[in-house]
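In case you want the letters, here they are:
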Amino acid sequence: MIFDIQLAEELSAITHLPAQEISDMLEIPPDRQLGDRAFPCFKLAKTMRKNPQFIAQEIADNIKKPNFIERIETKGAYVNFFFNRAVLAQTVLEDILNKGEHYGSSDKGNGSVVCIDFSAPNIAKPFHIGHLRSTVIGNSLYKIYEFLGYKCIGINHLGDWGTQFGKLITAYKHWGIKDDLEKEPIKALLDIYVRFHDEAEKDPSLEDEARLWFKRMEDGDEEALSLWRWFKDLSLREFNKIYDMLGVKFDYYTGESFYNDKMDRVVELLQEKGLLTESQGALVVDLSQYDMPPCMIKKTDGTTLYATRDITAAIYRKETFDFDKCLYVVAYQQDLHFRQWFKVIELMGFDWYDKLFHVPFGMVSMEEGTLSTRKGRVVFLEDVLQKAVDRTLDIIKEKNPGLENKEDVAKQVGIGAVVFHDLINNRIKDIVFSWDQVLNFDGETGPYVQYAHARAMSILAKATQTINGEVVGDLLTEDEALELIDLLARFPEAIEAACQANEPSIVARHTIDIAQAFNKFYKNHMVIVDDDELQKARLTLVYATAQVIRIGLSLLGIQAPAKM
RNA sequence: GUGCCUGUAGCUCAGUGGAUAGAGCGUCUGGCUCCGGACCAGAAGGCCGCAGGUUCGACUCCUGUCAGGCACACCA
């Protein structure tokens, strides 16, 4: 925030410490009564060999007071600064009005390329709540990086190759009915997949049959491949329905099969570099001196693995996009896998190994235990989204029966609730799926934020005055206004912090804080009042708040209806 | 067994080494002659897993320990 920087400079001038260091030391007091910003002097005590309280007093007495600071107090070792609320309001709101929907954006990224690998569902398997996290976290990071001036490339590394397709083809050949597959592809595919495992327990020869079909796929057999393509198309069609609902887009759908013909070269390269060793008939890169198990490149039967594909994909992406960063939004279970193959990239002599980042997130499980497609212990995302939308529609019918386009709004709010719920907490936390929590729309939830926005929009629509870009900061000095404006002022920092930590929850939290502060202001101060000037001043604040909430939600991939 | 992650209010979680540890849910109480009650206000609820250490100062950093989760080569 601009005032923090200027304040740090003034403090720097008097303490002779670098402004950046001061800036890091500046804090927000636990209680507004104490001040709006605080500078603790404990650290100075050591170097200056003086009592910190004395130093605080000295700073307070001698600092050149900037115009945005109204008064300075000391309390113990703290120098406490109180903003001139009118100047603060004036500056911050003018800034938001000027920048509009670009408020908080920057060109910090300077067009450098960030590849974001996210979502990556397995073809022919249902899209369940476990896949949601990678999808919404990746999508939000995409928007955040883009907002900060990076060129983002969203890649859906589909799980579209492997022995499971052999199983599916086998199952289809035995029990498949074409109509079911066309009508409800994923569920039909899941059914025959589950059935395959049941039957294979009784008749192990089915496994051999499945391996044979996969072998035929690998060998380019047309019958096998056309069935594979058919399954893939059916699945993608279903996935795209989900992605449409979520408003998620990818620049590339280059799945695992895309790298089939690119791996040989990489294996050769590994061979040339002398990194491959044979172990129990398989080809591995030994990582024992890095305290990791070996990274397997080729199985005993000569086929490739996950790691082989990931290494190949990384090299391909570097060559194709020349990324400055490549993020892998993948569950933390795969932490070791990523550490292993990142190390292999380093050992291959690629100096960009430190531009690869695993962005891990916690597991989603059910009260009954971990999700398991095979055991049928699974909650389909489509069902979750549908239930959330249905519930929203019920609430709208009850609370706002006159609302036009109810269905559209219910989608925006219901889906927003599910997405927000997945983004509000630190991504490393595990989630135990609970309908009660997902469908709760009170408190720290998406609908709460959307509701605050809708209220703001409603006021703007009903106002008797119009705002004209002119800000009257003098009239926005109440405690609630100060709190709200300070949060609006710090919004850009929240975006930067979120980008820095690859952590959308920082934006989600900050947006919640703004909505809360707005609701408090709303409760305590009428906006549409007889005093025209006062009304204009407050309308401007309402307008700016709505603008920032909209930006916050959009960075999370959530819509902000004007009415709900 | 080894490595990684997580332990903060009944539950879900915030908390760049700084002041009296904060929200939401749930529970209890109160609030629309007034811009949208999906809201607001208040109450109750805490040895910040435990023990050491570093520091003027530790929920935060270090070490140890306990508990839970995850991973540990022919799945992805």
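Keep in mind that this is a model prediction, so the values were computed, not measured. (Residues numbered from 1 in each chain as written. Chains lettered and ligands numbered in written order. Predicted model: local features only at pLDDT ≥ 70, side-chain atom pairs only at ≥ 80, totals over all residues. Heavy atoms only, no water.)

Draft legend 1. Seen up close, the layout of surface pockets. Roughly 1400 Å³ of volume is contained in the largest pocket. Along the wall of the largest pocket there are 47 residues; nearest its centre are Ala120, Asn122, Lys125, His131 and Gln334. Broken down by secondary-structure element, the contributors of at least two residues to the lining of the largest pocket are helix 6 (129-147), helix 7 (163-175), helix 10 (205-218), helix 13 (306-321) and strand 9 (325-329). Space inside the second largest pocket adds up to approximately 770 Å³. Surrounding the second largest pocket, 28 residues form its lining, Lys399, Tyr451, Ala454, Arg455 and Met564 being those nearest its centre. Listing elements by their share of the lining of the second largest pocket, those giving two or more residues are helix 15 (381-399) and helix 18 (446-462). (1 Å grid on protein atoms, 1.4 Å probe; cavity = no way out; pocket = protein on both sides within 12 Å on 5 of 7 lines; lining within 4 Å. Points joined across faces, edges and corners; volume = space filled by probe spheres on them. Helix = DSSP H or I, 4+ residues; strand = E, 2+ residues; numbered from the N terminus.)

Draft legend 2. Representation of the side chain of His453. Relative to the helices and strands, His453 is located in helix 18. Setting aside residues no more than four positions away along its own chain, His453 makes contact with Ala546, Ile549, Arg550, Ala560, Pro561 and Ala562. (Contact = heavy atoms within 4.5 Å.)

Draft legend 3. Spotlight on the sheet that holds strand 6 (residues 276-279). Taken in spatial order, the 3 strands of this open sheet run 6-7-8, and their pairing is antiparallel. Where the open sheet ends on each side, the last strands, each with one partner, are strand 6 and strand 8 (295-298). The mean inter-strand angle of the sheet, taken between neighbouring strand axes irrespective of direction, is 45°. Of the strand pairs in this sheet, strand 6 and strand 7 (residues 282-285) are connected by 4 bridges, and their pairing is antiparallel. Each residue of the ladder has a partner; that of Glu278, found in strand 7, is Leu283. (Pairing = 2+ DSSP bridges. Axes fitted to C-alpha atoms, helices over the stretch in contact; angles between N-to-C directions.)

Draft legend 4. Representation of unusual backbone geometry. A positive phi angle, close to 55°, is found at Arg49, a residue other than glycine. Here Arg49 lies in the loop between helix 3 (42-48) and helix 4 (52-62). A residue is classified by how much of its surface remains accessible, and Arg49, at 75% relative accessible area, is exposed. The backbone of Ala120 sits at a positive phi, close to 40°, despite the residue not being glycine. Position of Ala120 among the secondary structure elements: in the loop between strand 4 (113-117) and helix 6. Overall, the relative accessible area of 28% leaves Ala120 in the partly exposed class. (Buried < 20%, exposed > 50% of the residue type's maximum accessible area, 1.4 Å probe, protein only.)

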